[in-house]
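Examination of the molecular architecture
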Amino acid sequence: MEQKTAPMEILAPAGDWERLEAALDYGAHAVYLAGKEFGMRSSPDNFDKEALQKAVALAHSKGVKVYLTCNTLPRNQELPRLPGFLEDCAQAGVDAFILTDLGALAIAKRVAPKVDVHISTQAGVVNYETARAFWDMGASRVVLARELSLDEIAEIRQKTDPKLEIEAFVHGAMCVSFSGRCLISNYLTGRDANRGECAQPCRWKYQLVEEKREGQSFPIMEADGGTYFFNSRDLCMIEYIPQLAEAGITSLKIEGRAKSAYYVAVTTNAYRHALDDYLQQGKDWKLAPWIREEVEKISHREYHTGFYLGDEPGQVYQNGGYIRQYEVAAVCEDYQNGVAKLSQRNRFFRGAELDVLEPGGIPFLIRAEEMYNEEQEPIESAPHATQTVYIPVDRPIAKGAWLRCKRK
């Protein structure tokens, strides 16, 4: 999708190279990613020094900015490595550091003064005085705490320097704790969420055990299997682009560095189209139905507007499962002479209706009336992981397009 200067940006997650390419292909104005240390997500592959240089070069060639997450709270023994790490990232050309720790901020200003500083949501910025303080310390942007309403954000915007950028999460998982600063994982598993190793125990089932009834457990609610009393809903603000703009938010951030490239592609594409439509239509803007449908085509928990509208999202007590209405069938690798070359992702059958999402595009439907394997033999299904499949198609399909099947 063509990159244009806009008063608001779509900021997409990039946990590895595949997810980076998805964000770039599907319309991100900027991406956020991590190196091999000091980032709040250790489960994705992230980027070593060489990969980071290549990632920044690729992003910049497409007019996309790169923000480097360095938002853990480094311990004493880690501090000697931090200046060199930040210098390497600055040399790679990152556009900003996302920081939480005041010491890390001081080091960044000392060793890489030309790199912008964004204050992480982990810092819990909930008022204009704190935002002003970070601005005075040299931050160019604050990533607000997720617990703020639109009215509170608007007041922060009104009472801070107009040059201070405001970033806020608009889509994805919501942590049960304040601004993501959770200790449950560390208590139960020894994996510290504040150091990028969250085991997500808030999604687990729990039961009540009475002290004197050893071995007996009781559901907390009238439901089999226990209660998911920590289980937050997922955030989705795609229907509220005008309100986000009016509140003064600069950057619309999509959560999900640990999620799939497909998730990154779909959410980035949907929010980019929604924002572009709003910037073009202004007061006449209405969310296109297909855009709203797109965010239902990814795996997600029950959607909610978070704290933006003044209420609390609450938890989903009945289950900890995800809503999965679609699954990825294949990715398009090539299209020549009326035939699409696909790489299978999940089993699908001849005659299946496939929902196609091309980079930067609007989805359309095709039907797999004929299917052939690599030997050009007709096949009835594609059951093997990453199996190459050829399908005759009347219209071209772009390389990198995702093909989905609706689950029955």
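Presented here is a report on the structure given in the accompanying data block. Because the structure is a prediction, the values reported are computed rather than measured.

In this section: the overall build of the chain. Within the chain, the secondary structure is distributed over ten helices and 20 strands. Taking all 408 residues of the chain together, 53% fall into the buried category. Working note: accessible area of the chain is about 19300 Å², and carbon and sulfur atoms make up 47% of it.

Within the largest apolar cluster, 97 residues are counted, with the highest numbers of intra-cluster contacts made by Val31, Phe97 and Tyr308. If you tally residues by element for this core, the top one is helix H9 (residues 261-281), at eleven residues. Ignoring any residue separated from it by four or fewer positions in sequence, one finds Val31 in contact with Leu11, Ala12, Ala14, Leu20, Ala23, Leu24, Val64, Lys65, Val66 and Tyr67. By size, the runner-up hydrophobic cluster in this structure holds 23 residues, among which are Ile391, Val393, Ala401 and Leu403.

For the rest of this paragraph, the subject is the environment of Glu358. Looking at where Glu358 falls in the secondary structure, it is placed in the loop between strand E16 (353-357) and strand E17 (364-367). Sequence separation between Glu358 and Ala398 is 40 residues, and the spatial gap between their C-alpha atoms is 5.9 Å.

The next subject is the packing of aromatic side chains. Applying the stated criterion across every chain, the model contains four aromatic pairs. Look at Trp17 and Phe47: their rings are 6.4 Å apart centre to centre, the planes differ by 55°, and that puts the pair in the tilted class. Taken together, the residues span a long stretch of sequence, with Trp17 in helix H1 (residues 17-25) and Phe47 in the loop between strand E2 (30-34) and helix H2 (49-61) at a distance of 30 residues. What makes Trp17 partly exposed here is its relative accessible area of 33%. It is Arg146 that lies over the ring of Phe169; its NZ or CZ is 3.7 Å from the centre.

Once that is clear, we can look at the pattern of salt bridges. Going through the model one piece at a time under the given rule, you end up with 22 salt bridges. A salt bridge links Glu50 to Lys54; the nearest nitrogen and oxygen atoms lie 3.4 Å apart. With a gap of four residues between them, Glu50 and Lys54 both fall in helix H2, about one helical turn apart. With a relative accessible area of 48%, Lys54 lands in the partly exposed category. A cluster of three or more residues bridged by salt bridges with shared partners is formed by Glu9, Arg141, Glu165, Glu167 and Lys253.

All right, on to the sheet that holds strand E14 (residues 339-344) then. In space, the six strands of this open sheet follow the order E17-E16-E20-E13-E14-E19, with antiparallel pairing throughout. Two strands bound the open sheet, and with one partner strand each, they are E17 and strand E19 (388-392). Here the strands of the sheet are splayed against their neighbours by 35° on average, with no regard to which way each runs. Relative to E14, strand E13 (residues 326-336) runs antiparallel, the two being bridged by six bridges. Note that in E14 the partner of Cys332 across the bridge is Leu342. Contacts between H9 and the sheet are confined to E13, E16 and strand E20 (402-406), with E20 contributing the most and set at about 95° to the helix.

Once that is clear, we can look at the packing of helix H3 (residues 82-92) against helix H4 (residues 102-111). At a minimum axis separation of 10 Å, H3 and H4 run at an interaxial angle of 55°. Relative to H4, the element H3 is oriented oblique. For H3 against H4, the interelement crossing comes out right-handed. On H4, the residues that touch Leu82, Pro83, Leu86 and Glu87 of H3 are Ala104, Ile107, Ala108 and Val111. Split by residue class, the contact of H3 with H4 holds seven nonpolar, no polar and one charged.

Cut-offs and rules
- Residues numbered from 1 in each chain as written.
- Predicted model: local features only at pLDDT ≥ 70, side-chain atom pairs only at ≥ 80, totals over all residues.
- Heavy atoms only, no water.
- Helix = DSSP H or I, 4+ residues; strand = E, 2+ residues; numbered from the N terminus.
- Buried < 20%, exposed > 50% of the residue type's maximum accessible area, 1.4 Å probe, protein only.
- Areas by Shrake-Rupley, 256 points an atom, 1.4 Å probe, with all protein chains shown as cover.
- Core = buried A, V, L, I, M, F, W, Y, C linked by side-chain atoms within 4.5 Å.
- Contact = heavy atoms within 4.5 Å.
- Phe/Tyr/Trp six-rings, centres within 6.5 Å; stacked < 30°, edge-to-face > 60°.
- Lys NZ or Arg CZ within 6 Å of the ring centre and 35° of its normal.
- Salt bridge = Lys/Arg side-chain N within 4 Å of Asp/Glu carboxyl O.
- Pairing = 2+ DSSP bridges.
- Axes fitted to C-alpha atoms, helices over the stretch in contact; angles between N-to-C directions.
- Parallel < 35°, antiparallel > 145°, perpendicular 65-115°, else oblique.
- Left-handed = near helix turned anticlockwise from the far one by under 90°.
- Nonpolar A, V, L, I, M, F, W, Y, C, P; charged D, E, K, R; others polar.

It is worth stressing that arrangement in space is one thing and function is another; only the former is reported here.
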